[in-house]
Amino acid sequence: MPYCVHCGVELDATATFCPLCQTPVLDPVQPPDTTSPKPFPTQRGEVAPVSKQELALLLSAMLICVAACCGLLNLFLKPGRGWSLYVIGAAAMLWLWLVPPLLARGMHLLLRLLVDVAAVGLYVYLISMDLNGQAWFWGLAAPVIFWGGAVLLLLGLVLRVYRRSVITSLTILIGSLGVFLFGVEYLIDQWLYRAWNPSWSLVVLTICVGLVIPLIIVRRIPSLREEAHKRFHL
Amino acid sequence: MPGREGMSEWYRLDNAGVLYSALQKETYSAIYRFSAVMDRPVDRQALQRAVDQTMPRFPTFRVRIKRGAFWYYFEPNDAPGPYVKEDISNPCQPVRFQEDNGWLVRFYCYEHRISVEVFHAVSDGGGALVFFKTLLAVYLRELGHRIPNTCGVLDITAPPRPEELEDAYGKYAQGKGWRGGRRGRAYQNTGTPEPFYTLNVTMGFCSVLQLKQKAKSYGVSITEYLAAVLMKVILDKQHREAPGRELPVALAIPINLRAWFPSESLRNFILTTRPVIDPSLGEYSFEEVLSQVHHMLRLNLSRQRMRAELTGNVRFTQNHLLQIVPIALKNPVMALGYRLAGVRPYSGTYTNPGAFLVPPEMEPHIRRMEVILGQATNPRVHCASISYGDVMEITFAGTQKETDTEREFFRFLIRDGIAVKVESNRTE
């Protein structure tokens, strides 16, 4: 019978390592038994998939119904004004946010963000149609939405692809917010004055930098980092 | 809302059942498992026949859970099954009320092992062991052995007795109610969570005789000794982590109330007691921890105090204000209440249903018994033990990657002169 040299416990004859300390079983005289069954099954229980299709169908039906009813009502209530576009747009946006992730299992982050940003863009476009605001839509709203989408995408990729500590994630989040708002002011200035004159976003960016600097210091100095981990149970 | 207790219609959940059904979610499992390792490989067909014969005798297990407007309730389940399945490496998966034909009891077999998994709202360990013992007796009869209906094996040809179906909490809830004082936050003993639906199980086997002698040398019971070892291991672990302020280490130890109140109910009838050690007061040696655990358990376990506590719990669920809150609102509130009062004040759970006694005719056919508790709400290990003959089986089960609690626990036993054999479903 094998024993763990570190824990002193007896192990199963089929064990190739100690389950308590992961020390490998190395006995040249008696190698692990590979023919006998393991003490526990090796087949994992599959998780029965939740019926996402049904949920997607129900959500679609509800949103289509709302959009259709409001569209119909618009024919009689203030028919000169396309107010139902707001509701239809909101329903379309919600549908794009909720239903594709339900139907496509493991939808890629990039694709999902693209769809979500496109949904917001579509909704704002519908509003601009009602308000005859093609100019502000293409001049201001669309660039802000795409800028927001780009920052979100970068944020999502950075946080998802690399395993980050809580401190680093917080640093990146605050930094991204500052950069996003800086870009927003640039776009507003370009739209309004055709010139860039940074003011409030510089204040926000400075606040964000001010918040980020101590976090970076804590992250860079091992003793401080350990203390933060210990104190805040990170 | 009185349920008709004749089991032909719906009936309401008992006090513990109300809590477990409200808490059930994908990341928490109120499922526990008992297994018997037999002397020969399991005959799956014979086991299925045994299940089919045994289930009708236990109407409290032959139920599905339904969601009412204000509360969950049970109703008899006449769907096909439950079926015996091939065992899996990640046991005690959370229950989904709508799936598996609504069954709240599952049966598995693997090589020599027969396992039964029970949703805690249906029954506690005491009730489930009566059910399992009867099932094993019927299974052995199917294999041609003569097994009498003694030592707690129920007669499957007899109708269920009303005492088995009673809500014992309701029966003994009398007098002044008490819901326990405010319990502070304990050290949580959590680790790195495993991916979804992974349950790491590590079992240790040791001699009951050796344990008994060791516990006797300290003047305590086996349960007290094992609980103290677990607390000492967790105390030392917290100390190694060197937090700014060391939090108390507290265990939740379920107490089978059938030993205190004459009840034969096969539904829930337990309370938990909470031995606690506060390391901020100073360092405790193992003997001091053991002495504290020994005295705390004995001080807290009195008939009057337990009656007051169960009365308080029953009164709480009978509160008129709570009654009229819709279930959709009640569940999150109860989940929050459980987190504050059932998770935060504890570092872990240790349960010991005791010795599994069977008729002498069954003894040669069972090698050992095993018990596993389902995943906790946070990534930490639950500890459970059960003895059969001279084999004490101690299980650590949880969703955390690290093995430090179980490793130090079993190393402690080895250092204390108790030989331990370890098996696990871990693959790395």
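### Notes on the overall build of chain A
So, point 1. Helices and strands together make up the secondary structure of chain A, namely seven helices and one strand.
So, point 2. Compactness check: chain A gives a C-alpha radius of gyration of 28 Å against a globular reference of 17 Å for 234 residues, more than 25% above the reference.
So, point 3. Along the three orthogonal principal directions, the C-alpha set of chain A runs to about 90 × 50 × 25 Å.
So, point 4. The buried share of chain A, taken over its 234 residues, is 13%.
So, point 5. Here the contacts in chain A between residues at least 6 apart in sequence split such that 47% fall between residues at least 24 apart.

### Let's talk about the overall build of chain B
So, point 1. Scanning chain B for helices and strands turns up twelve helices and 16 strands.
So, point 2. Over its C-alpha trace chain B gives a radius of gyration of 21 Å, about what one expects of a compact globule, namely 22 Å for 428 residues.
So, point 3. With the C-alpha coordinates aligned to their principal axes, the bounding extent of chain B is approximately 60 × 55 × 40 Å.
So, point 4. Taken over 428 residues, chain B has a buried fraction of 47%.
So, point 5. In chain B, once contacts between residues fewer than 6 apart in sequence are set aside, the share between residues at least 24 apart is 76%.

### A closer look at the domain arrangement of chain B
All names here are of chain B.
So, point 1. With domains assigned, chain B is organised as domain 1 (4-172) and domain 2 (200-307 + 332-349 + 375-424).
So, point 2. Centre-to-centre separation of domain 1 and domain 2, based on C-alpha positions: 26 Å.
So, point 3. Counting residues at the interface gives 25 residues for domain 1 and 18 residues for domain 2.
So, point 4. Secondary structure elements with two or more residues in the side of domain 1 that touches domain 2: α1 (15-23), α3 (125-142), α4 (162-165) and α5 (168-172).
So, point 5. Along the lines of polarity and charge, the residues of the side of domain 1 that touches domain 2 split into 13 nonpolar, six polar and six charged.

### A few points about the sheet that holds strand β2 (residues 31-38) of chain B
Residues and elements named next belong to chain B.
So, point 1. A sheet is described by the order of its strands in space; here five strands give the open sequence β5-β6-β7-β2-β13, paired in mixed fashion. Either end of the sheet is taken by a strand with one partner, and the two such strands are β5 (84-86) and β13 (366-373). Averaged over all pairs of adjacent strands, the angle between their axes in this sheet comes to 25°, without regard to strand direction.
So, point 2. Bridge count for β2 against strand β7 (residues 113-119) is seven bridges, and the pairing is antiparallel. Bridge assignment links Phe-34 to a residue of β7, and that residue is Val-116.
So, point 3. Against the sheet, helix α2 (residues 44-54) contacts β5, β6 (105-110) and β7, and its axis sits at roughly 145° relative to β5.
So, point 4. Taken strand by strand, α3 contacts β2 and β7, and its axis lies near 35° from that of β2.

### Some points on the sheet that holds strand β1 (residues 11-12) of chain B
All names here are of chain B.
So, point 1. Taken in spatial order, the three strands of this open sheet run β1-β4-β3, and their pairing is antiparallel. Looking along the sheet, the strands with just one partner apiece sit at the ends: β1 and β3 (63-67).
So, point 2. Pairing analysis gives two bridges linking β1 to strand β4 (residues 72-76), with the strands arranged antiparallel. Bridge assignment links Arg-12 to a residue of β4, and that residue is Tyr-73.

### Topic: the packing of helix α2 (residues 84-103) of chain A against helix α3 (residues 109-130) of chain A
Residue and element names in this part refer to chain A.
So, point 1. For the pair α2 and α3, the least separation of the axes is 9 Å and the interaxial angle reads 175°. As the angle between them shows, α2 and α3 are arranged roughly antiparallel. Residues Leu-85, Tyr-86, Gly-89, Ala-90, Ala-92, Met-93, Leu-96, Trp-97, Pro-100 and Pro-101 of α2 touch α3, and the partners they reach there are Arg-112, Val-115, Asp-116, Ala-118, Ala-119, Val-120, Leu-122, Tyr-123, Leu-126, Ile-127, Met-129 and Asp-130.
So, point 2. Within the contact of α2 with α3, the residues separate by chemical class into 18 nonpolar, one polar and three charged.

### A look at the confidence of the model for chain B
Residue and element names in this part refer to chain B.
So, point 1. Averaged over every residue, the pLDDT of chain B is 90; the share at 70 or more is 97%.
So, point 2. When the criterion is pLDDT under 50, residues 1-7 qualifies, and its contacts beyond four places in sequence or with other chains add up to twelve contacts.
So, point 3. In the predicted complex, the global pTM is 0.74; the interface-specific ipTM is 0.87.

### Some details on the interface of chain B and chain A
Many authors give the size of an interface as the accessible area that is lost as the parts come together.
So, point 1. Counting residues at the interface gives 28 residues for chain B and 21 residues for chain A.
So, point 2. Taken together, the elements giving at least two residues each to the side of chain B that touches chain A come down to α12 (404-415) and β16 (421-424) of chain B.
So, point 3. Broken down by element, the residue count for the side of chain B that touches chain A peaks at five residues, all from α12(B).
So, point 4. Pairing geometry for strand β1 (residues 10-11) of chain A and β16(B), over two bridges, is parallel. Paired with Leu11(A) across the bridge in β16(B) is Val422(B).

### Notes on unusual backbone geometry
Residue and element names in this part refer to chain B.
So, point 1. Despite not being glycine, Glu-111 shows a phi value in the positive range, around 50°.
So, point 2. With respect to the secondary-structure elements, Glu-111 resides in the loop between β6 and β7.
So, point 3. By C-beta crowding, Glu-111 is classed as partly exposed, having 16 other C-beta atoms within 10 Å.

### Structural notes on the packing of helix α5 (residues 166-193) of chain A against helix α6 (residues 200-220) of chain A
Helices that pack against each other are described as a pair by the angle of their axes relative to one another and the distance between those axes.
Residues and elements named next belong to chain A.
So, point 1. Running from N to C, α5 and α6 point in directions that differ by 165°, and their axes come no closer than 9 Å. For the element pair α5 / α6, the angle class is roughly antiparallel. In this structure, α5 meets α6 at a crossing whose hand is left-handed. Within the contact between the two elements, α5 uses Ile-167, Thr-168, Leu-170, Thr-171, Ile-174, Gly-175, Leu-177, Gly-178, Leu-181, Phe-182, Val-184 and Glu-185 and α6 uses Trp-200, Ser-201, Val-204, Leu-205, Cys-208, Val-209, Leu-211, Val-212, Leu-215, Ile-216, Val-218 and Arg-219.
So, point 2. By residue class, the composition of the contact of α5 with α6 is 17 nonpolar, five polar and two charged.

### Some words on the domain arrangement of chain A
So, point 1. Domain boundaries assigned for chain A yield domain 1 (1-36), domain 2 (52-132) and domain 3 (133-234).
So, point 2. Spacing between the C-alpha centres of domain 1 of chain A and domain 3 of chain A amounts to 52 Å.

### Considerations on helix α1 (residues 52-76) of chain A
So, point 1. Counted at 1.5 Å a residue, the expected span for α1(A) with its 25 residues is 36 Å, and the 37 Å between its end C-alpha atoms agrees.
So, point 2. Immediately downstream of α1(A), the backbone of Lys78(A) shows phi near 45°, a positive value.

### Considering the environment of Val105(B)
Residue and element names in this part refer to chain B.
So, point 1. Along the polypeptide, Val-105 turns up in strand β6.
So, point 2. The class for Val-105 is buried, based on 25 C-beta atoms found within 10 Å.
So, point 3. Along the sequence, Val-105 and Pro-254 sit 149 residues apart, while their C-alpha atoms lie 21 Å from each other.
So, point 4. In contact with Val-105, not counting residues within four places along its chain, are Phe-61, Pro-82, Val-116, Glu-117, Val-118 and Val-122.

### Notes on the confidence of the model for chain A
So, point 1. Chain-level statistics for chain A give a pLDDT mean of 86 and a share of 93% at 70 or above.
So, point 2. The element-level mean pLDDT for chain A is lowest in helix α7 (residues 222-232) of chain A, coming to 76, with β1(A) highest at 93.

### Side note on the environment of Glu423(B)
So, point 1. Assignment of secondary structure puts Glu423(B) in strand β16.
So, point 2. Glu423(B) gets classed as buried once you count the C-beta atoms within 10 Å, which come to 23.
So, point 3. Along the sequence, Glu423(B) and Pro94(B) sit 329 residues apart, while their C-alpha atoms lie 23 Å from each other.
So, point 4. Glu423(B) has contacts with Asp12(A), Pro39(A) and Met203(B), leaving out every residue within four places of it along the chain.

Thresholds, definitions, all that
Residues numbered from 1 in each chain as written. Chains lettered and ligands numbered in written order. Predicted model: local features only at pLDDT ≥ 70, side-chain atom pairs only at ≥ 80, totals over all residues. Helix = DSSP H or I, 4+ residues; strand = E, 2+ residues; numbered from the N terminus. Rg over C-alpha atoms; globule rule 2.2 N^0.38 Å. Buried ≥ 20, exposed ≤ 12 C-beta atoms within 10 Å, placed from the backbone. Contact = placed C-beta atoms within 7 Å. Domains from an automatic or database assignment. Nonpolar A, V, L, I, M, F, W, Y, C, P; charged D, E, K, R; others polar. Pairing = 2+ DSSP bridges. Axes fitted to C-alpha atoms, helices over the stretch in contact; angles between N-to-C directions. Parallel < 35°, antiparallel > 145°, perpendicular 65-115°, else oblique. pLDDT = per-residue confidence, 0-100. Left-handed = near helix turned anticlockwise from the far one by under 90°. Expected span 1.5 Å × (residues − 1).

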